[in-house]
Amino acid sequence: MAIMKAINLAINYWKPVSIILLFLGVGAGIYYSGFRASEREWTGKWHERDLAELRARAQQEAAERSKEFARQTIIGQVNDNASKQLEQAHAETVNAKSSAEQLQHTIGKLHKQLIAGHARQNAPAAGKCQTETRSSLLLAQLLEESVERNRALANYADQSAIRGAACERIWDKTVEQAP
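What you see as residue numbers is a count from 1 along each chain, following the sequence as written. Side-chain atom pairs in this predicted model are given and counted only at pLDDT of 80 or more, local residue features only at pLDDT of at least 70, and totals for whole chains, interfaces and linings cover all residues. Processing note: side-chain calculations cover all non-hydrogen atoms of the structure and skip hydrogens and water entirely.

### Structural notes on the overall build of the chain
Here comes step 1: A tally of helices and strands in the chain yields 3 helices and 0 strands.
Here comes step 2: Reading the secondary structure of the chain in the N-to-C direction produces α-α-α.
Here comes step 3: For the exposure calls, accessible area comes from a 1.4 Å probe over protein chains only, and a residue counts as buried if that area is under 20% of its type's maximum, exposed if over 50%, partly exposed in between. When burial is assessed residue by residue, the chain has 9% of its 179 residues classed as buried.
Here comes step 4: By the convention used here, residues are in contact when the closest approach between their heavy atoms is within 4.5 Å. In the chain, 82% of the contacts between residues at least 6 apart in sequence involve partners at least 24 apart.
Here comes step 5: All accessible-area figures derive from a Shrake-Rupley calculation using a 1.4 Å probe, and residue coverage is judged against the displayed protein chains alone. Carbon and sulfur atoms provide 62% of the accessible area of the chain, an area that totals close to 14600 Å². The helix and strand labels rest on DSSP assignments: H or I over at least four residues marks a helix, E over at least two residues marks a strand, and numbering proceeds from the N terminus.

### Quick notes on a nonpolar patch on the surface
Here comes step 1: The patch calculation keeps residues exceeding 30% relative accessible area without a salt bridge and links them within 9 Å when they carry like charges or within 5 Å when they are nonpolar (Val, Leu, Ile, Met, Phe, Trp, Tyr). The term salt bridge refers to a pairing of a side-chain nitrogen on Lys or Arg with a carboxyl oxygen on Asp or Glu at a separation within 4 Å. Taken together, Leu-9, Tyr-13, Val-17, Ile-20, Leu-21 and Leu-24 make up a surface patch of nonpolar side chains, about 630 Å² in accessible area.
Here comes step 2: For the nonpolar patch, the element with the most residues is helix α2 (residues 14-121), which contributes 4 residues.
Here comes step 3: Mapping Ile-20 onto the fold places it in helix α2.

### Remarks on the nonpolar core
Here comes step 1: The nonpolar core is taken to be a set of buried Ala, Val, Leu, Ile, Met, Phe, Trp, Tyr and Cys residues, with the residues joined through side-chain atoms within 4.5 Å. Grouped together as the largest cluster of nonpolar side chains are 7 residues: Ile-74, Val-78, Ala-82, Ala-89, Ile-162, Ala-166 and Ile-170.
Here comes step 2: When contributions to this core are tallied by element, the ones reaching two or more residues are α2 and α3 (126-177).
Here comes step 3: Considering every element that reaches this core, the biggest residue donor is α2, with 4 residues.
Here comes step 4: Ignoring anything within four residues of it in the chain, the contact list for Ile-162 reads Ala-82, Gln-85, Leu-86 and Ala-89.

This is how it looks when you write it as structure tokens:
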């Protein structure tokens, strides 16, 4: 009985139900096609935005690479200049060493002359001559050690000054380039 009522109901109302279903189908189709069109439009906009970001990132990386290349060039030039200055300081150290050796040689000659002069003059006062000889030997040795230490300190000071100046020049050039 219930089945019969359902069949009668379906026969009586099939036209309005089919029209409603038709409208719902057409509405769903329109909605779905609008949704797809909107999705394609937004996908295109996102793609354009992504491309613009990639281009901007590539330009920024190129600019940063250019800056870094310029910095490295400056650092290379400053290091080359510092190397030349260190070589010059080394040459000056060698010259100073040669002069110090000549001075030590002269002191040695004078010391020998002093010993010979005292020995000839005062043969009876040999004890006094020995004391003076020891004093002059000690003085000569102290002078020699002092010259050697001064040479080492001067070499260290020259290298430190040159390296410090090079570091300052690198820093100044880097700061000048900073935007």
